[in-house]
Amino acid sequence: MASLGCCSSLSLTRTSQLNFSNNHKRIMTCKPLRKRNVEIRAEVNYVSSDEAKELVSAEGYVVLDVRDSSQYDRAHIKSCYHVPLFIEDKDNDPGTIVKRTVHNNFSGLFFGIPFTKRNTEFVKSVRSQFSPDSKLLLVCQEGLRSSAAANELEKAGFENISCITSGLQSVKPGTFESVGSAELQNAGKAGLVTVQGKISAVLGTVLICAYLFITFFPDQAEKILQMVPGS
């Protein structure tokens, strides 16, 4: 009986050692936890026009104008850089021609806004002129394009980006030295909306009604035009 108890005790001991050995191996073969890569990106700084002037005059920020060429030519901050976020769309595929025609009869005619498309070379163009640590003050007319441009540059690794909250339309005359035929805050105004008085309102209404009639009732419009002498 004693020998049996001894054997049983020895057997239990070996079993315990075996289990411990197996458990120990299991622990050692566990895969190490992977560390998560934490990406820290600089935030875009949104400022007022007065704060923007301070950034340029005191902190060495460079002005980067991202508007289209038409607004830039009307008025821009002196010594700024110009890299448009949108460029004029001159493509001649059928879809683009239709969209351009509709645009020119409305936004183009009344507000002087050109038909544009996204500039796919925007980030590349900025990179060719500035390093990622450059201090850039992005400006546009209303603040929307500069915000979108800032987001693209931020993703591309640029670290010191600021934007004027409401764009150049909020800049008071004399805040920046400007170049062009208009004030900075008025550079977005063109087309028939710049014509003053009742003539502008009446002409605009007539043109809109005529365009809608031709668009939705082309057969009737054609008959009317045929009735006009010399048509």
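Here the structure is shown first, and the text comes after it.
**Digging into the sheet that holds strand E8 (residues 160–164)**
Strand order across the open sheet formed by 5 strands is E1-E8-E7-E2-E4, with parallel pairing between neighbours. Pairing within the sheet leaves two strands with one partner each, and these edge strands are strand E1 (45–47) and strand E4 (81–82). By the bridge criterion, 4 bridges tie strand E2 (residues 62–65) to strand E7 (residues 135–139) in an arrangement that is parallel. Opposite valine 63, over in E7, you have leucine 137 as the bridge partner. Sheet strands touched by helix H2 (residues 49–58): E1, E2, E7 and E8. Its angle to E1, the strand with the most contacts, is close to 120°. Across the sheet, helix H6 (residues 144–155) touches E1, E2, E7 and E8, and the angle it forms with E8 is around 170°.

**So, the packing of aromatic side chains**
Using the criterion set out here, one finds 1 aromatic pair in the structure. Ring geometry for tyrosine 81 versus phenylalanine 130: centroids 5.0 Å apart, planes at 75°, classification edge-to-face. With a gap of 49 residues between them, tyrosine 81 in strand E4 and phenylalanine 130 in the loop between helix H5 (122–129) and E7 connect regions that are remote in the sequence.

**Notes on the pattern of salt bridges**
Where side chains of opposite charge bring their charged atoms close, a pairing between them can arise. Tallied over the entire structure, the rule returns 6 salt bridges. A salt bridge links glutamate 177 to lysine 78; the shortest N-O distance between them is 3.3 Å. With a gap of 99 residues between them, glutamate 177 in the loop between E8 and strand E9 (178–180) and lysine 78 in the loop between strand E3 (75–77) and E4 connect regions that are remote in the sequence. The exposure class assigned to glutamate 177 is exposed, which follows from its relative accessible area of 53%. For the salt bridge of glutamate 152 with arginine 118, the shortest nitrogen-to-oxygen distance reads 2.5 Å. You can see glutamate 152 sitting in helix H6 and its partner arginine 118 sitting in strand E6 (residues 116–118), a full 34 residues away along the chain. One network of salt bridges, with partners in common, ties together Asp68, Glu142 and Arg145.

**Quick look at the side chain of aspartate 65**
Structurally, aspartate 65 can be placed in strand E2. By relative accessible area, which is 1% here, aspartate 65 ends up buried. Within the structure, aspartate 65 has its side chain in polar contact with the side chain of arginine 67 (distance 2.8 Å). Among residues more than four places away in sequence, those in contact with aspartate 65 are Tyr72, His76, Cys80, Tyr81, His82, Val83, Pro84, Val139 and Leu168.

**Overview of H2**
Taken as a whole, H2 has its buried residues at Ser49, Ala52 and Leu55. Relative to the axis of H2, the buried residues are bounded by an arc of 110° and lie together on one face. Structural note: H2 exposes Asp50, Ser57 and Ala58 on the side pointing more than 90 degrees away from its buried face. Each element contacted by the buried residues of H2 is listed here: E1, E7 and E8. Count one or two residues on from H2 and you reach glycine 60, which has phi positive near 75°.

Conventions adopted
- Residues numbered from 1 in each chain as written.
- Predicted model: local features only at pLDDT ≥ 70, side-chain atom pairs only at ≥ 80, totals over all residues.
- Heavy atoms only, no water.
- Pairing = 2+ DSSP bridges.
- Helix = DSSP H or I, 4+ residues; strand = E, 2+ residues; numbered from the N terminus.
- Contact = heavy atoms within 4.5 Å.
- Axes fitted to C-alpha atoms, helices over the stretch in contact; angles between N-to-C directions.
- Phe/Tyr/Trp six-rings, centres within 6.5 Å; stacked < 30°, edge-to-face > 60°.
- Salt bridge = Lys/Arg side-chain N within 4 Å of Asp/Glu carboxyl O.
- Buried < 20%, exposed > 50% of the residue type's maximum accessible area, 1.4 Å probe, protein only.
- Polar contact = N/O pair within 3.5 Å; in protein donor to acceptor, adjacent residues only side chain to side chain.
- Arc of directions from axis to C-beta.

Geometric values such as these leave the question of function open.
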